[in-house]
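For reference, the chains in residue letters:
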Amino acid sequence: MTGFDRDATGLKIGIFLFVMFFLLGTGLWVGLALMGVAYIGMIGFTSRNPGSSMSITIWTSSSSWTLTSLPLFIWMGEILFRTRLSEDMFRGLSPWLRGLPGGLLHTNVVGCTVFAAVSGSSAATLTTVGKMSIPELRKRGYPEFMIIGTLAGAATLGLMIPPSLTLIVYGVTVKESITSLFMAGVLPGLVLAAMFMLYIAGWSIARPQDRPDPEPRMGFMAALRNSVLLIPVILLIVTVIGSMYIGIATATEAAAFGVVGALVLAAIQGSLTWSSFSESLLGATRTSAMIALILMGAAFLTLSMGFTGVPRTLAAWIGGMDLSPAALIVALTLFYIVIGMFLDGISAVVLTMAIIDPMVRGAGIDMIWFGIFVVVVVEMAQITPPVGFNLFVLQGMTKHSMGYIARTAAPMFLIMLLMVAILVAFPQLATWLPEAMKQAPN
């Protein structure tokens, strides 16, 4: 194939896509499929030795110091997943949320926000908070549609609020500061959580006939005693995020603090047994190995596509269209919504960045801001069929049909779409905190 016109971009893209979808369709692991596509590209369109190129690229991408934070944050979430944290969170939050319009439905959003700040994984957030809130809310008579829908949407906050695994993968892929990306995700994550809570309050006011009986009132001192249960997790959040903000720890060092803090918390709660320790370690190892394999394949694919000139040609083509940054963001939003229907979030990020990165930089868009944008559109992918990961997790937990769960999550999808518009209108929402952190005296 090297005899073809070296600028035959359409042919190259067609071959890349055909091989990729063929390999993914056979059920091959995503990481191995990416390596296979890259290998075909190297053989077909370059004179480089694909074997040596692959080995060097894979080793370089997997030995990154920045990437060390990924398994550590995953391990921290696995440890906390096996503690009494979720039960304590519900008891600590419910006295303060029962009086809001929508009542204890807000525990889905606030619980996911709190757990996201110590987990980083949408699946871990959904599973932990769902196990806690679904039985309690059902018992109190809340509508099933609202229980499932708000949980599906709120669990995606695990992708944005630091420590976010998706932001780590994005930062490694585009070579941006993980700490700056973490800081950039704080305010948009809190704004999105507030929008979810406004939706719950609006539903409560618009449909009073669906509200359950009000909860019995609890005295202030009793509520305060229950709030003590939140202190351990708040201390852990402050340790992880605060150490990065004031500059005493990098993202990797903060992850190590988080693991130590999670182990101490589990020991104090009496949840740290040899069985829970080994299960958390094995669970973190499995998840980390899966993500690392995807990143290795993506790094090789990026190299292969770079040699073919496809990203450079596409970037030049987009540049020749003279799209404004706003028009480019609209096009990319539609693009990510479509591919999010078929790929999980991390795969979508690493698959597309080789082509998207030069386009976005060429348009003059801030890469830290773009990372938060990508996370929001990837969050949408978590609740869109046919491959919405949160939908699969909820189906396993509730036994509802996929169609029913997707319908309950549709309002949350629209709220995330509104969040994209807010980010475009107010980019400072994502950029202010990282800039303030850089300007703060050490």
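Keep in mind that what you see is a predicted model, and the values were worked out from it rather than measured.

A.B. asks: Looking at this structure, how should I read the overall build of the chain?
C.D. replies: Counting secondary structure elements, the chain contains 21 helices and 0 strands. Across the 442 residues of the chain, 55% fall into the buried class. Approximately 18800 Å² of the chain is accessible, and the part contributed by carbon and sulfur atoms is 69%.

A.B. asks: Explain empty space enclosed by the protein to me, please; I cannot follow it from the model alone.
C.D. replies: To find leftover empty space, one rolls a probe the size of a water molecule over the atoms. For the coordinates displayed, the defined rule picks out 1 cavity of 30 Å³ or more. Roughly 50 Å³ of internal volume is contained in the largest cavity. Looking at the largest cavity, the residues that line it are Ile 79, Arg 82, Thr 83, Leu 263, Ala 266, Ser 271, Leu 272, Ser 276, Phe 277 and Ser 280. For the lining of the largest cavity, the secondary structure elements donating two or more residues are helix H13 (251-269) and helix H14 (274-308). Residues belonging to the lining of the largest cavity are distributed by class as follows: 5 nonpolar, 4 polar and 1 charged.

A.B. asks: What is the right way to look at helix H4 (residues 69-81) in this model?
C.D. replies: With 13 residues, H4 should cover 18 Å at 1.5 Å per step; its first-to-last C-alpha distance of 18 Å lies within 8% of that length. The buried fraction of H4 is high, at 11 of 13 residues. Restricting attention to buried positions, one finds in H4 the residues Ser 69, Leu 70, Leu 72, Phe 73, Ile 74, Trp 75, Met 76, Gly 77, Glu 78, Ile 79 and Leu 80.

A.B. asks: I keep staring at a nonpolar patch on the surface and nothing clicks. Help me out?
C.D. replies: On the surface, a nonpolar cluster with roughly 310 Å² of combined accessible area is contributed by Leu 28, Trp 29 and Leu 32. The partly exposed category is assigned to Leu 28, whose relative accessible area is 33%.

A.B. asks: Explanation requested: unusual backbone geometry in the structure shown.
C.D. replies: Leave glycine aside and you will find that most residues have negative phi; peptide bonds, for their part, are mostly trans. For the bond from Pro 162 to Pro 163, the omega torsion is 0°, close enough to zero to count as cis. By the element assignment, Pro 163 lies in the loop between helix H8 (144-154) and helix H9 (165-174). Phi angles above zero are rare outside glycine, and Lys 175 is one such case at about 60°. Mapped onto the fold, Lys 175 is located in the loop between H9 and helix H10 (178-206). For Lys 399, which is not glycine, the phi dihedral falls at a positive 65°.

A.B. asks: Help me understand the pattern of salt bridges, please; the structure alone is not making it clear to me.
C.D. replies: For side chains of opposite charge, pairing can occur when their charged atoms come near one another. Under the definition given, this model contains 5 salt bridges. Through salt bridges that share partners, Glu 136, Lys 139 and Arg 140 make up one connected network.

A.B. asks: I would appreciate a short explanation of the packing of aromatic side chains in the present structure.
C.D. replies: The way to describe two aromatic rings as a pair is by their centre distance and the angle between their planes. What the rule picks out here adds up to 6 aromatic pairs. A centroid spacing of 5.8 Å and a plane angle of 65° characterise the contact between Trp 75 and Phe 277, whose relative ring orientation is edge-to-face. In this pair, Trp 75 sits in helix H4 while Phe 277 sits in helix H14, placing the two residues 202 residues apart along the sequence. Under the relative-accessibility criterion, Phe 277 is labelled partly exposed at 23%. Measuring from centroid to centroid gives 5.3 Å for Phe 370 and Phe 373, while their planes differ by 35°, and the two rings are tilted. In this pair, Phe 370 and Phe 373 are both assigned in helix H18 (residues 367-381), 3 residues apart and thus about one turn of the helix distant. The exposure class assigned to Phe 370 is buried, which follows from its relative accessible area of 0%. Classification of Phe 373 by relative accessible area gives buried; the value is 0%.

A.B. asks: Sorry, what's going on with the environment of Ser 280 here?
C.D. replies: Note that Ser 280 resides in helix H14. Residue class for Ser 280 comes out buried when judged on its relative accessible area of 1%. Between the C-alpha atom of Ser 280 and that of Phe 81, which follows or precedes it by 199 residues, the distance is 8.4 Å. Not counting residues up to four positions away in its chain, the partners in contact with Ser 280 are Trp 75, Glu 78, Ile 79 and Arg 82.

A.B. asks: When you look at H10 in this model, what are you seeing that I'm missing?
C.D. replies: For the α-helix, the turn length of 3.6 residues means that residues three or four positions removed from each other point alike. Here H10 contains 29 residues, and its C-alpha end-to-end distance of 42 Å stays within 8% of the 42 Å for a straight helix at 1.5 Å per residue. Roughly 25° is the biggest bend found in H10, and it falls at Val 186, with proline Pro 188 one to four residues downstream. The N-cap residue of H10 is Ser 177: its side-chain oxygen and the backbone nitrogen of Thr 179 are 3.4 Å apart.

Cut-offs applied
Residues numbered from 1 in each chain as written. Predicted model: local features only at pLDDT ≥ 70, side-chain atom pairs only at ≥ 80, totals over all residues. Heavy atoms only, no water. Helix = DSSP H or I, 4+ residues; strand = E, 2+ residues; numbered from the N terminus. Buried < 20%, exposed > 50% of the residue type's maximum accessible area, 1.4 Å probe, protein only. Areas by Shrake-Rupley, 256 points an atom, 1.4 Å probe, with all protein chains shown as cover. 1 Å grid on protein atoms, 1.4 Å probe; cavity = no way out; pocket = protein on both sides within 12 Å on 5 of 7 lines; lining within 4 Å. Points joined across faces, edges and corners; volume = space filled by probe spheres on them. Nonpolar A, V, L, I, M, F, W, Y, C, P; charged D, E, K, R; others polar. Expected span 1.5 Å × (residues − 1). Patch = residues over 30% accessible without salt bridge, like charges linked within 9 Å, V, L, I, M, F, W, Y side chains within 5 Å. Salt bridge = Lys/Arg side-chain N within 4 Å of Asp/Glu carboxyl O. Phe/Tyr/Trp six-rings, centres within 6.5 Å; stacked < 30°, edge-to-face > 60°. Contact = heavy atoms within 4.5 Å. Bend = angle between axes of the 7 residues up to and from the residue. Polar contact = N/O pair within 3.5 Å; in protein donor to acceptor, adjacent residues only side chain to side chain.

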